[in-house]
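# Understanding the architecture of this molecule
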Amino acid sequence: MATPVMDKVEAESAASPYITVTFRVRRFNPEVSAEATWQDFQLEIDPKERVLDGLHKIKWDLDGTLTFRRSCAHGICGSDAMRINGKNRLACKTLIKDINPEKPITVEPIKGLTVLKDLVVDMEPFFQAYRDVMPFLITKDTNEPTRERLQSAEDRERFDDTTKCILCAACTSSCPVFWNDGQYFGPAAIVNAHRFIFDSRDEAGEQRLEILNDKDGVWRCRTTFNCTDACPRGIEVTKAIAEVKRALITRRY
Amino acid sequence: MKIHKYDTVIVGAGGAGMRAAIEATKRSRTAVLTKLYPTRSHTGAAQGGMAAALANVEEDNWEWHTFDTVKGGDYLVDQDAAEILAKEAIDSVLDLEKMGLPFNRTPNGTIDQRRFGGHSRNHGEAPVRRSCYAADRTGHMILQTLYQNCVKEGVEFFNEFYVLDQLITEEDGVKRSAGVVAYELATGEIHVFQAKAVIYASGGCGKFFKVTSNAHTLTGDGQAAVYRRGIPLEDMEFFQFHPTGIWRMGILLTEGARGEGGILRNKDGERFMEKYAPVMKDLASRDVVSRSIYTEIREGRGCGPEGDHVYLDLTHLPPEQLDAKLPDITEFARTYLGIEPYTDPIPIQPTAHYAMGGIPTNVQGEVLADNTTVVPGLYAAGEVACVSVHGANRLGTNSLLDINVFGKRAGIAAADYSQKADYVDLPDNPAEFVVSQIERLRTSTGNERVADLRRELQETMDANVMVFRTEQTIKTAVEKIAELRERYKNVAIQDKGKRFNTDLLEAIELGNLLDLAEVMAVSALARKESRGGHYREDYPNRDDVNFMRHTMAYREVGADGSETVRLDYKPVVQTRYQPMERKY
Ligand SMILES: Cc1cc2nc3c(=O)[nH]c(=O)nc-3n(C[C@H](O)[C@H](O)[C@H](O)COP(=O)(O)OP(=O)(O)OC[C@H]3O[C@@H](n4cnc5c(N)ncnc54)[C@H](O)[C@@H]3O)c2cc1C
Ligand code: SF4
Ligand code: FES
């Protein structure tokens, strides 16, 4: 290892890090008003901090009524998908310096799901679509194996990408088809169906494909790639949807 | 107020709660109350793996695993429980595989295994490959797989319901669980759940530290709820500081990184763990590695302008190996530090990670009211509980194991109990405590703010009861916590509404953290020895004569309403292994 006495991060952190930014947040609280409004907050923040840190500064030091979901703060629990500067992202995985902090940073709830308060939306329709694709391993074994089922490393790799999903809804709520028609399963449900359809151990691919063949299923996808751009886990969502479509056409997977 | 009746109520939908729910739902009418959507639980953050002596890649057996667990816990482990953990590990991994968990595989298709800190061949001879894993997102896979199976079994969830009180009814001098009181986030409505059996699976309490790998929501609500109702808390002074948190942020970089060959280095590039643990080196147990890091820092060999961290060096590992085995943590380094782990070492420091202590239970998950008496109808499992399989220091990969083994056991035991037991009468006015707590916070005109008190609490905990402790530092913490508890009475919130009032809930969570911080500090002050995660510079040796015993902390309320922590002790269960000096 080269032994840098001071590396990049440390060199930067030696100077005073703080800058002033404006957070322009979409507020809505039906207990107070039926109208949603924009509210500006000015904060001093280190640009290497997360948008979530900025929201916390507002909530903790300026306005305790600002409401949003969050838990892990490092991009693995899927609580805090929001529209930041017009794009769906996780607030805890977006650093201030990467989103042009010279201009006001806009923060709004994700689209296509009912807003309940400020940045909190009703996730129930999203989880319902997930449950509808039978997101669990189905096997027809009459007697359970005593040891683990065998799976080759290649077969395991086949569906690796779609096992990363944290159900944050960034993809589904960036999809224009979903905005126009909430009946569409949406990319996240298809990603989770993919995870089982291409798992060599699963034996219900046919049933899941039938579900996705529905009028609200995969054929609604118009390949706009918004979902792939939005996914904070780097899942190739559009590719997964295309693979499901192809499996439907050939029924060989 | 709404009243619900269920056979079994489970508090929490992380790994332990959902593993219990899968069993309980098959056997009894079960409700799972959880403050987060199940898939948001912090089990999903676990990276490295789950231990089981499958012996898929090299010779191994459950007896070696038991020994490592006991030794890792610095002999404070109850050995009967550790034996169950190690034996049932094998089936619990196989159960998960059958439920669909996509483990990494060996070339012949079996579950692959890798090395992890403190896990050894034949009682400490050399590291052994015992950790079953799915890349560096094993916890994510466990959480997803369990949720998927809950969907399959039709488990009934009450999402974003915060349990704020435990109901206990005394009958003939015996404390019995009658149910719980919960607050519904969306509406502000209060719900009483009467249940024959209640299982706490509400996770840890790491948020009383500043630098921590724990989620914002890990505020010890379950521990605090039962403690307030007279149930003791066991071994709360034992908290694990994981060696490799991202510098200043605390985000975890799994020990699996060292399992794959990563090396810790000081500012001179020296592999310093060779000095402290000649055999296990970077894979010595976590308390040992964390202390070694701080020793390097204190002796002036830390890195950076302030010399306040060391490096985790992965640069000698092939990029393909990092991509295949450690994709998430290398991405954390890129996202949060702007560092490329292929070519640059990652700045790290120890991070507050895991509560070894918690609600005392026996191996069926039944909660204890004292050293021996069970509270009928009350169960706990997972990080909230203390069985005790982790003793003074938990081995990596033993917690994902714990939540599966004891989550399953508690689920079965609770449901069996609720099938034969009757409901216990609810206390008069069951929601009284929660209603008054909420009213007080909503109407308070005090001048204290939640964020300030929490910040001060976290700072005092980091400064005084972290990796190194002394009589003086702990006393400083005890005094500061007492001051904060006093000031907490004047806390006011800004959001007075009913809908999604997270301002209110953060205030309640802070109250829980303050209660638990006090228990922790008072327990630590009384333990005048060093053992596992509890290191006293003024008593640097383990003292088996006086302290080979579990701490049991009880809340005492004086006639004038003043609260104190009363300490008692419980013997450690020793079966096969005599305490020895711990060397790695
Ligand atoms: C970053 C990280 C990495 C880790 N890596 C590993 C590893 O590789 N191997 C290993 O063995 N261990 C690891 N651990 C430890 C292990 O992941 C945890 O100890 C374990 O997952 C805890 O599971 P649990 O089910 O007890 O709690 P959690 O998963 O934390 O779940 C708690 C649940 O309780 C609910 N809850 C909390 N309070 C309330 C309330 N008041 N009312 C209602 N519900 C409530 C929450 O909603 C949540 O559903 C790691 C821990 C961390 C933080
Ligand atoms: S596919 Fe990606 S964006 Fe969509 S829910 Fe899963 S993690 Fe979120
Ligand atoms: S808070 Fe967990 S993903 Fe952002």
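Residues numbered from 1 in each chain as written. Chains lettered and ligands numbered in written order. Predicted model: local features only at pLDDT ≥ 70, side-chain atom pairs only at ≥ 80, totals over all residues. Heavy atoms only, no water.

## Side note on the environment of His242 of chain B
Residue and element names in this part refer to chain B. Mapping His242 onto the fold places it in strand β11 (residues 239-246). The class for His242 is buried, based on a relative accessible area of 0%. The sequence separation of His242 and Ala410 amounts to 168 residues, and the corresponding C-alpha distance is 28 Å. Apart from residues lying up to four places away in sequence, His242 is in contact with Leu252, Leu253, Thr254, Glu255, Arg258, Arg286, Ser290, Gln349, Pro350, Thr351 and His353. (Helix = DSSP H or I, 4+ residues; strand = E, 2+ residues; numbered from the N terminus. Buried < 20%, exposed > 50% of the residue type's maximum accessible area, 1.4 Å probe, protein only. Contact = heavy atoms within 4.5 Å.)

## Remarks on the site of ligand 2
Taken together, 13 residues lie around ligand 2, and Cys165, Cys168, Ala169, Cys171 and Cys231 of chain A are the ones closest in. Split into classes, the residues belonging to the shell around ligand 2 amount to twelve nonpolar, no polar and one charged. (Near = heavy atom within 4 Å. Nonpolar A, V, L, I, M, F, W, Y, C, P; charged D, E, K, R; others polar.)

## What about the site of ligand 1?
Residues and elements named next belong to chain B. Near ligand 1 you find 39 residues, and of these Ser41, Thr43, Glu383, Ser399 and Leu400 are the closest. Interatomic distance of 3.1 Å between a backbone N/O atom of Leu36 and an oxygen atom of ligand 1. One nitrogen or oxygen atom from the side chain of Thr43 is found 2.5 Å from an oxygen atom belonging to ligand 1. Notes on ligand 1: free accessible area 1000 Å², of which the protein chains cover 98%. Of all the secondary structure elements, the ones that give two or more residues to the shell around ligand 1 are α1 (15-27), β2 (30-34), β7 (161-171), β14 (346-355) and α11 (398-420). At four residues, the largest contribution of residues to the shell around ligand 1 is made by α11. Grouping the amino acids of the shell around ligand 1 by side-chain chemistry returns 16 nonpolar, 19 polar and four charged. (Polar contact = N/O pair within 3.5 Å; in protein donor to acceptor, adjacent residues only side chain to side chain. Areas by Shrake-Rupley, 256 points an atom, 1.4 Å probe, with all protein chains shown as cover.)

## Things to note about empty space enclosed by the protein
Within the structure shown, the criterion is met by 13 cavities of 30 Å³ or more. Within this model, the second largest cavity holds a volume of roughly 240 Å³. Along the walls of the second largest cavity sit 19 residues, with Phe68, Arg69 and Arg70 of chain A together with Tyr162 and Thr502 of chain B positioned nearest its centre. The set of elements that each furnish at least two residues to the lining of the second largest cavity consists of α2 (51-62) of chain A together with α15 (502-526) of chain B. Ranked by residue count, the leading element in the lining of the second largest cavity is α15 of chain B, at four residues. For the lining of the second largest cavity, the residue count by class is seven nonpolar, four polar and eight charged. (1 Å grid on protein atoms, 1.4 Å probe; cavity = no way out; pocket = protein on both sides within 12 Å on 5 of 7 lines; lining within 4 Å. Points joined across faces, edges and corners; volume = space filled by probe spheres on them.)

## Re the sheet that holds strand β13 (residues 310-313) of chain B
All names here are of chain B. The sheet built from four strands is open, its strands ordered β11-β14-β13-β12 with antiparallel pairing. Since the sheet does not close on itself, it has two edges, and those belong to β11 and β12 (263-265), each with one partner. Neighbour to neighbour, the strand axes of the sheet diverge by 45 degrees on average, direction disregarded. Two elements, β11 and β14, share six bridges in a ladder whose sense is antiparallel. What sits directly across from His242, in β14, is Thr351. (Pairing = 2+ DSSP bridges. Axes fitted to C-alpha atoms, helices over the stretch in contact; angles between N-to-C directions.)

## A closer look at the domain arrangement of chain A
Residues and elements named next belong to chain A. What the domain assignment reports for chain A is domain 1 (17-121) and domain 2 (124-139 + 155-250). In this structure, domain 1 and domain 2 have C-alpha centres spaced 28 Å apart. Each partner contributes residues to the interface: domain 1 has 13 residues there, and domain 2 has 14 residues. Of all residues in domain 1, Asn88, Lys111 and Leu113 bury the most surface against domain 2, accounting for 42% of the area lost on that side. If you look at where domain 1 meets domain 2, you find zero salt bridges. Applying the counting rule to domain 1 against domain 2 returns three residue pairs in polar contact (both at pLDDT 80 or more). Those elements that provide at least two residues to the side of domain 1 that touches domain 2 are β3 (81-84) and β4 (87-90). For the side of domain 1 that touches domain 2, the class distribution of residues is six nonpolar, four polar and three charged. (Domains from an automatic or database assignment. Buried area = accessible area lost by both parts, 1.4 Å probe. Salt bridge = Lys/Arg side-chain N within 4 Å of Asp/Glu carboxyl O.)

## Some remarks on the pattern of salt bridges
Residues and elements named next belong to chain B. Evaluated as defined, the whole model comprises 89 salt bridges over all chains. Where Arg258 meets Glu255, a salt bridge forms, and the shortest distance between an N and an O atom there is 3.9 Å. Residue Glu563 pairs with Arg485 through a salt bridge whose shortest N-O separation is 2.8 Å. Of this pair, Glu563 sits in strand β20 (residues 563-571) while Arg485 sits in helix α14 (residues 471-488); the two residues are 78 residues apart in sequence, bridging distant segments of the chain.

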